[in-house]
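Residue strings, one per chain:
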Amino acid sequence: MGKMKMVFSAAACVAVVGVALAQVQASSTVYLIDVDPARYAGPAGQRVLLRVGDQPRNVTIGTQDEICVQLQRVAGSEVISARVRALRPEPQTAAVIPLVGPNIAPGSYRSTPWGLLLRAMPGNPDSQGSVNALGTDNAPVCTL
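This report concerns the structure included in the present document. (Residues numbered from 1 in each chain as written. Predicted model: local features only at pLDDT ≥ 70, side-chain atom pairs only at ≥ 80, totals over all residues. Heavy atoms only, no water.)

## What about the nonpolar core?
1) Next: Ranked by size, the top nonpolar core spans 20 residues in total, and within it Ile33, Val35, Ile67, Leu71, Leu99 and Leu118 carry the most contacts.
2) Next: Within the residue set of this core, elements represented by two or more residues are β1 (30–36), β2 (46–51), β3 (57–61), β4 (65–73), β5 (80–88), β6 (95–100) and β8 (117–122). (Core = buried A, V, L, I, M, F, W, Y, C linked by side-chain atoms within 4.5 Å. Buried < 20%, exposed > 50% of the residue type's maximum accessible area, 1.4 Å probe, protein only. Helix = DSSP H or I, 4+ residues; strand = E, 2+ residues; numbered from the N terminus.)

What follows is the structure, given as structure tokens:
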């Protein structure tokens, strides 16, 4: 009986921590986005610092890939979605990929229809995690 209480208590703690993390993610306005072209022996991914509601920005990943990406909060919800369009090597139409919100595991990769992988984490321009992140404040504005 004692072990059952411990297991139940541990499960409840994990659930509470998960809900708290989701709330922190949903309230952030700056995110670190890991963008991975997901090609075998292809270029490494790139960490990008994006602000929710900023204009679409042109981002170059390695020497082969270029995307146009924007973060938006879905009206009336806690969901943060990335609008993304591949520009190089093979142009693709824009896709909307939910990255943060209820029923989305924090830190999990999400995929575009053409296989680009995206993952969002709450960010801070001055944090240690953003040291190697590509800032987009001065990146060219692009069209989705």
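## Here's the deal with the pairing of β4
On any regular strand, side chains alternate: one points to one face of the sheet, the next to the other face.
1) Next: In terms of burial, β4 is a largely internal element, 7 of the 9 residues being buried.
2) Next: Across 5 bridges, the pairing between β3 and β4 is antiparallel. Its bridge partner being in β4, asparagine 58 is matched across the sheet by cysteine 68.
3) Next: As consecutive antiparallel partners, β3 and β4 are separated by 3 residues, and within that stretch glycine 62 has a phi angle of approximately 65 degrees, a positive value.
4) Next: Pairing analysis gives 8 bridges linking β4 to β5, with the strands arranged antiparallel. Paired with valine 69 across the two strands is valine 84, which belongs to β5.
5) Next: Count of turn residues in the β4/β5 antiparallel hairpin: 6 residues, of which glycine 76 carries a positive phi of about 75 degrees. (Pairing = 2+ DSSP bridges.)

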